[in-house]
Amino acid sequence: EHYSLVVTASIGISIYPVDGANAEDLIKYADMAKHEAKESGKSCYRLHSKELHERSLNRLKLEEYMREALKHDMFELFYQPQINSITGKVEGAEALLRLHHDTLGIISPVEFIPVAEDTGLIVEIGYWVIRKACEQLVKWENDNAASISISVNVSVKQINKPKFVSTLQDIIKSTGADPALLEIELTESIIMINPEENISKLQEIKTLGVKLSIDDFGTGYSSLSYLKKFPLDTLKIDRSFIIGLTKDTRSDDAVIISAISAMAKALRLNIVVEGVESSDQLDCINALCGDKDTLIQGYYYSKPLPVGAFIDYVSCNFKYLSH
C-alpha cells in the first residue's frame, strides 16, 4: 500500500550582518528563533530579534538558576490551607512551589514552571516536591502537630516516567511518611491522554496507600465513562467557576458546581473548591455542596503560607474553634 507523508517545518531565521558577523553566532540565533517558532505552534517561521534574544537569554539564565536551586536545595514549599466547610477546621493543604533569587526576588511559578516543563527539569523538581512534602508530614507527626494531609501537583512528564510509581514508593519508605496523608494531584488533561493506560498506573499508585485527586475539574475533557473507572478520592472544582459566583444559586456557574457536587457524592468522592475569595462565594458554595466532605481553598481563608506561618495559622484555627 502507498501512503502520503506530510512533512512540516519550524524555521528560525537570522540575517547577516544584522544578527551576527560569523557563522557560529548566526546559527545560534537562528536556533533561538526556531525554538520560538516551535513554541508558537510549529509549522511557521520566526526571525531573530533583540526582544527574542533577551527572552532566550533570560530563559537560559532561569534554567541555570533552577539547576542551581535543585543542587543547593533553594526551592521552598508554601502551603495553602484547605478548610472543612462545615467544621471550619484545617484538614489539608496544597503544597505550592516557590523560587527565590537573591537579586530578582521571588520568581513566579508562571515563569519558571513552563521552562522546567520544556527542559525536563520538572521531573527532578517534582520528586523534590514529593520528598519535601513527605518530610514535612513526618515532622508534623513527630512534633505532635495536627494530622493534616498534603496534596502535591504532578506533571504529565513526571507521571509518564516508567519508574514513577517505584520512585514514589521509595520516597515514602525512605522518609517514613504516612501515605494516607499524601495526595497526588493530576489534571484532567494528564489522565485523559492515555486513559486506559493511566487507569492501571493510578491503581498502582493507590496500592501504595496514596490518595488521588483531579485538579481543575470541569475545564478539561474528561469522559464520565472513564471518570468512574479512575480510582480517585477527590475532585477539585476549578476557580474559573468561582470567580463570578454570588449568593445567586441559580447562576450558570452555581448550576455547574451543584452538578459536579452531586456527581462527586454519587461517586463517593470528596470535593475541594478552589479560589474562594469572598463570604458571598462561600455562602453560595455551602448552599450548593456544603457538607463534611467539602473543603474550601482560597484567599478568603488564607493565601499560600511558608511552613512556619502555616503552622501558626493551624494553631490559631484550633484555638478559635475551641472557644
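The structure under discussion appears in the preceding block.
Residues numbered from 1 in each chain as written. Predicted model: local features only at pLDDT ≥ 70, side-chain atom pairs only at ≥ 80, totals over all residues. Heavy atoms only, no water.

Counting its regular elements, the protein chain contains 12 helices and 12 strands. Put simply, the protein chain has 323 residues, and 43% of those count as buried. Within the protein chain, contacts between residues at least 6 apart in sequence are counted, and of these 68% link residues at least 24 apart. Element-wise, carbon and sulfur atoms account for 53% of the exposed surface of the protein chain, whose accessible area totals about 17,300 Å². Of the side-chain charges in the protein chain, 34 are positive and 46 negative, and the distance between the mean point of each set is 3 Å. (Helix = DSSP H or I, 4+ residues; strand = E, 2+ residues; numbered from the N terminus. Buried < 20%, exposed > 50% of the residue type's maximum accessible area, 1.4 Å probe, protein only. Contact = heavy atoms within 4.5 Å. Areas by Shrake-Rupley, 256 points an atom, 1.4 Å probe, with all protein chains shown as cover. Lys, Arg positive; Asp, Glu negative; His and termini not counted. Charge placed at Lys NZ, Arg CZ, Asp CG, Glu CD.)

This paragraph deals with the packing of aromatic side chains. This structure, assessed with the given rule, holds seven aromatic pairs. Taking 5.8 Å as the distance between ring centres and 40 degrees as the angle between the ring planes, the aromatic pair formed by Tyr79 and Phe310 counts as tilted. Of the two residues, Tyr79 sits in strand β3 (residues 75-84) while Phe310 sits in helix α12 (residues 307-321), which places them 231 residues apart along the sequence. Phe310 shares its class with Tyr79; the two are buried. (Phe/Tyr/Trp six-rings, centres within 6.5 Å; stacked < 30°, edge-to-face > 60°.)

Within strand β4 (residues 90-101), nine of the 12 residues are buried, leaving the element largely enclosed by the surrounding structure. Pairing analysis gives nine bridges linking β3 to β4, with the strands arranged antiparallel. Among the inter-strand pairings, Pro81 is bridged to a residue of β4, identified as Ala93. Between the end of β3 and the start of β4, which pair antiparallel, lie five residues, with Gly88 showing a positive phi angle near 75 degrees. Relative to strand β6 (residues 149-153), β4 runs parallel, the two sharing three bridges. Each residue of the ladder has a partner; that of Glu94, found in β6, is Ser151. The turn joining β4 and strand β5 (residues 105-107), which pair antiparallel and follow one another in sequence, is formed by three residues. (Pairing = 2+ DSSP bridges.)

On to a nonpolar patch on the surface, then. Judged by side-chain polarity, Ile11, Ile15, Val18, Tyr45 and Leu47 come together as a nonpolar surface patch covering roughly 520 Å² of accessible area. By secondary structure assignment, the location of Ile15 is in the loop between β1 (11-13) and α1 (23-39). A relative accessible area of 43% places Ile15 in the partly exposed class. (Patch = residues over 30% accessible without salt bridge, like charges linked within 9 Å, V, L, I, M, F, W, Y side chains within 5 Å. Salt bridge = Lys/Arg side-chain N within 4 Å of Asp/Glu carboxyl O.)

For His48, the position within the fold is in the loop between β2 (45-47) and α2 (50-71). On the accessibility criterion, His48 (11% relative accessible area) is buried. Setting aside chain neighbours within four positions, we find His48 in contact with Ile13, Ser14, Asp19, Tyr29, Ala33 and His53.

Relative orientation of the contacting elements helix α3 (residues 109-119) and helix α4 (residues 121-142) amounts to 115 degrees, with a least axis distance of 5 Å. Seen from α3, the contacting residues are Ile113, Ala116, Glu117 and Thr119; seen from α4, they are Leu121, Ile122 and Ile125. Split into classes, the residues belonging to the contact of α3 with α4 amount to five nonpolar, one polar and one charged. (Axes fitted to C-alpha atoms, helices over the stretch in contact; angles between N-to-C directions. Nonpolar A, V, L, I, M, F, W, Y, C, P; charged D, E, K, R; others polar.)

Below, the discussion takes up the environment of Gly20. On the secondary structure map, Gly20 appears in the loop between β1 and α1. Accessibility expressed as a relative area gives 8% for Gly20, which makes it buried. For the pair Gly20 and Ile130, spaced 110 residues apart in sequence, the C-alpha to C-alpha distance is 45 Å. Residues in contact with Gly20, not counting those within four places in the same chain, are Ile15, Asp25 and Leu26.

A word on helix α10 (residues 252-266). Each full turn of the α-helix corresponds to 3.6 residues, which orients residues three or four apart in the same direction. Taking 1.5 Å of rise per residue, the 15 residues of α10 would be expected to cover 21 Å, and the 21 Å separating its terminal C-alpha atoms lies within 8% of that figure. Each element contacted by the buried residues of α10 is listed here: β8 (211-217), α9 (224-227), β9 (234-237), β10 (270-274) and α11 (279-289). Among the residues trailing α10, Arg268 stands out with phi positive, at a value near 60 degrees. (Expected span 1.5 Å × (residues − 1).)

Another aspect to go through is the pattern of salt bridges. What the rule picks out here adds up to 12 salt bridges. Here Asp73 makes a salt bridge to Lys132, at a shortest N to O gap of 3.2 Å. Of the two residues, Asp73 is situated in the loop between α2 and β3 and Lys132 in helix α4; the sequence distance between them amounts to 59 residues. On the basis of relative accessibility, which here comes to 26%, the residue Lys132 falls in the partly exposed class. In this structure, Lys236 and Glu185 form a salt bridge, with 2.9 Å as the shortest nitrogen-oxygen distance. Taken together, the residues Lys236 in strand β9 and Glu185 in strand β7 (residues 182-187) connect sequence positions 51 residues apart. Assessed through its relative accessible area of 1%, Lys236 is described here as buried.

With that settled, the discussion passes to the nonpolar core. Counting 82 residues, the largest nonpolar core has Met66, Phe75, Ile130 and Leu235 as its most contacted members. Residues in contact with Ile130, not counting those within four places in the same chain, are Val152, Val154, Gln158, Phe164, Leu168, Ile171, Leu182 and Ile184. (Core = buried A, V, L, I, M, F, W, Y, C linked by side-chain atoms within 4.5 Å.)

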